[in-house]
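The residues making up each chain are set out below.
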Amino acid sequence: MTDPANPDPARSFGSVADSYDRGRPSYPADAVKWLVGDEPVSVLELGAGTGKLTEVLVQLGHDVFATDPDDAMLDILSEKLPDVRATSGTAEQIPTGDGLYDVVVVGQAFHWFDHAKALAEIGRVLRTDGRLAVIQNERDERIPWVRKLGRLIGTHDNGFDPNPILDDSGMFSAVEAQTFRHWQVVDRHSIQDLVLSRSNIAVLRPEAQDHKRREVLAFYDDYGRGMDGMQLPYNCRAWRAQVLPHAPVVSTGSTTGGHEADEEPSVPLAKRTDTAVRLPRVVTDPENGDDDLLIDFR
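Summary of the structure given here. Here the structure is a predicted model, which means the values were calculated and not measured.

## Considerations on the overall build of the protein
Point 1. Assigned secondary structure in the protein consists of 11 helices and 9 strands.
Point 2. Here the protein, with 298 residues, has 54% of them falling under the buried criterion.
Point 3. Considering only intrachain contacts with a sequence separation of at least 6, the fraction spanning at least 24 residues in the protein is 75%.
Point 4. Surface accessibility of the protein: about 13,500 Å² in total, with carbon and sulfur atoms responsible for 50%.

## A word on helix H3 (residues 52–59)
Point 1. Of all the residues in H3, the buried ones are Lys52, Leu53, Thr54, Val56 and Leu57.
Point 2. Residue Gly61 follows H3 closely and has a positive phi angle near 95°.

## With respect to the packing of aromatic side chains
Point 1. In total, this model carries 4 aromatic pairs according to the counting rule given.
Point 2. Ring-pair connections join several aromatic residues into one group, and the members of that group are Phe110, Phe113 and Phe160.
Point 3. Geometry around Phe65 places Arg85 over its ring, the cationic atom sitting 4.2 Å from the centre.
Point 4. For Arg240, the ring lying beneath its charged end belongs to Trp34, and the centroid distance is 4.0 Å.

## Remarks on the sheet that holds strand E5 (residues 126–139)
Remark on secondary structure: sheet strands pair via backbone hydrogen bonds, oriented parallel or antiparallel.
Point 1. Ordered by their spatial adjacency, 7 strands build an open sheet running E3-E2-E1-E4-E5-E7-E6, and the pairing between neighbours is mixed. With partners counted over all chains shown, the strands left at the sheet margins are strand E3 (85–88) and strand E6 (176–186), one partner each. Neighbouring strand axes in the sheet, compared pairwise and without regard to direction, differ in orientation by 20° on average.
Point 2. Where strand E1 (residues 42–46) lies against strand E4 (residues 101–107), 4 bridges are found, and the strand directions are parallel. The residue of E4 that forms the bridge with Val43 is Val103.

## Here's the deal with the packing of helix H6 (residues 144–153) against helix H10 (residues 206–222)
Point 1. Close contact between H6 and H10 brings their axes to 10 Å; oriented N to C, the two are set at 170°. One finds that H6 runs roughly antiparallel with respect to H10. For the pair H6 and H10, the contacting residues are Trp145, Lys148, Leu149, Leu152 and Ile153 in the first and Lys212, Glu215, Val216 and Phe219 in the second.
Point 2. Tallied by class, the residues present in the contact of H6 with H10 amount to 6 nonpolar, no polar and 3 charged.

## Here's the deal with the environment of Gln59
Point 1. Along the chain, Gln59 falls in helix H3.
Point 2. Along the primary structure Gln59 and Ala29 are separated by 30 residues, whereas in three dimensions their C-alpha atoms are 9.0 Å apart.

## Focus: the pairing of strand E7 (residues 230–242)
Regular strands place side chains that alternate from one sheet face to the opposite one.
Point 1. Of all 13 residues making up E7, 10 are buried, and the element is well covered by its neighbours.
Point 2. Bridging between E5 and E7 involves 9 bridges; their strand directions are antiparallel. By the bridge assignment, Gln136 is partnered in E7 with Arg237.
Point 3. Relative to E7, E6 runs antiparallel, the two sharing 11 bridges. Bridging from a neighbouring strand, Ala177 pairs with Trp239 of E7.

## Section: the pattern of salt bridges
Point 1. The final tally for this structure, using the stated rule, is 15 salt bridges.
Point 2. For the salt bridge of Glu138 with Arg237, the shortest nitrogen-to-oxygen distance reads 3.1 Å. In this pair, Glu138 sits in strand E5 while Arg237 sits in strand E7, placing the two residues 99 residues apart along the sequence. For the pair shown, Glu138 and Arg237 are each scored as buried.
Point 3. The salt bridge involving Arg188 is made with Asp221; its shortest N-O contact spans 2.9 Å. In this pair, Arg188 is assigned in the loop between E6 and helix H8 (190–196) and Asp221 in helix H10, connecting sequence segments 33 residues apart.
Point 4. You can call Arg188 partly exposed: its relative accessible area is 30%.
Point 5. When salt bridges with common partners are traced through the structure, they connect Asp21, Glu55 and Lys80 into a single cluster.

## Looking at the environment of Val243
Point 1. With respect to the element layout, Val243 can be found in the loop between E7 and helix H11 (252–255).
Point 2. Owing to a relative accessible area of 6%, Val243 belongs among the buried residues under this scheme.
Point 3. Setting aside residues up to four positions removed in sequence, Val243 forms contacts with Gly123, Leu126, Arg127, Thr128, Gly130, Arg131, Met171 and Phe172.

Cut-offs and rules
- Residues numbered from 1 in each chain as written.
- Predicted model: local features only at pLDDT ≥ 70, side-chain atom pairs only at ≥ 80, totals over all residues.
- Heavy atoms only, no water.
- Helix = DSSP H or I, 4+ residues; strand = E, 2+ residues; numbered from the N terminus.
- Buried < 20%, exposed > 50% of the residue type's maximum accessible area, 1.4 Å probe, protein only.
- Contact = heavy atoms within 4.5 Å.
- Areas by Shrake-Rupley, 256 points an atom, 1.4 Å probe, with all protein chains shown as cover.
- Phe/Tyr/Trp six-rings, centres within 6.5 Å; stacked < 30°, edge-to-face > 60°.
- Lys NZ or Arg CZ within 6 Å of the ring centre and 35° of its normal.
- Pairing = 2+ DSSP bridges.
- Axes fitted to C-alpha atoms, helices over the stretch in contact; angles between N-to-C directions.
- Parallel < 35°, antiparallel > 145°, perpendicular 65-115°, else oblique.
- Nonpolar A, V, L, I, M, F, W, Y, C, P; charged D, E, K, R; others polar.
- Salt bridge = Lys/Arg side-chain N within 4 Å of Asp/Glu carboxyl O.

Structure, rendered in structure tokens:
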């Protein structure tokens, strides 16, 4: 039974942030290099969570500004990566100015977004030749025991493809895609964290969570691997697309949900204000013509 106090799976990860950090896999460096490039660039990361992808980006030399709607997740990121700028914020209302970033990168979070609002914001913060990079780990369930694990813990985010969403937006070039195979070592402890970190399980009542944890632990013990662990195979799927020169830069306050530019936005403002600088948004007013500018200081 779902816990009525925490009904939204997209916002459920803060309650299991430690399990998420211990139990979720990282991303292969080759995949991140393909997405972002070999030369250091300015990266805005949406849905950064506890910093799984952030760590790889930093190791590759990129300058990263990490955002996530959940402070509990960002607290872990900041503890691991104290030199990385991080603040709470959503993809639908990105807490930064216009045209500042070479790449906007999203790891394991694109499927949670309100895509119309998020893509307008992503187009706003990207530089003229900037690009969007999306990356997602998916367990390789062609293997029978991995498929059985998937039936136990859920596979709702497997098979997600942002390609048609980006194509339909008219904001990006043709999407390029690659898949990179890698493995995560899971043992008797980390497989319990893996199951507890799942959004569909995080929203359950504590007794239901514990039942699922024990069910997965029994599954692990049946394979007789003890503390030596097992290699859990993943297909890391990656997509990249360049923002088009004619992509509109608009204010989310004036084009989504019927809001005018001086009304309150439909998405809450960021609460975390540590190292992030909130810069003014410079946008065109679609009702008065391209030459009229609005300055939004939210």
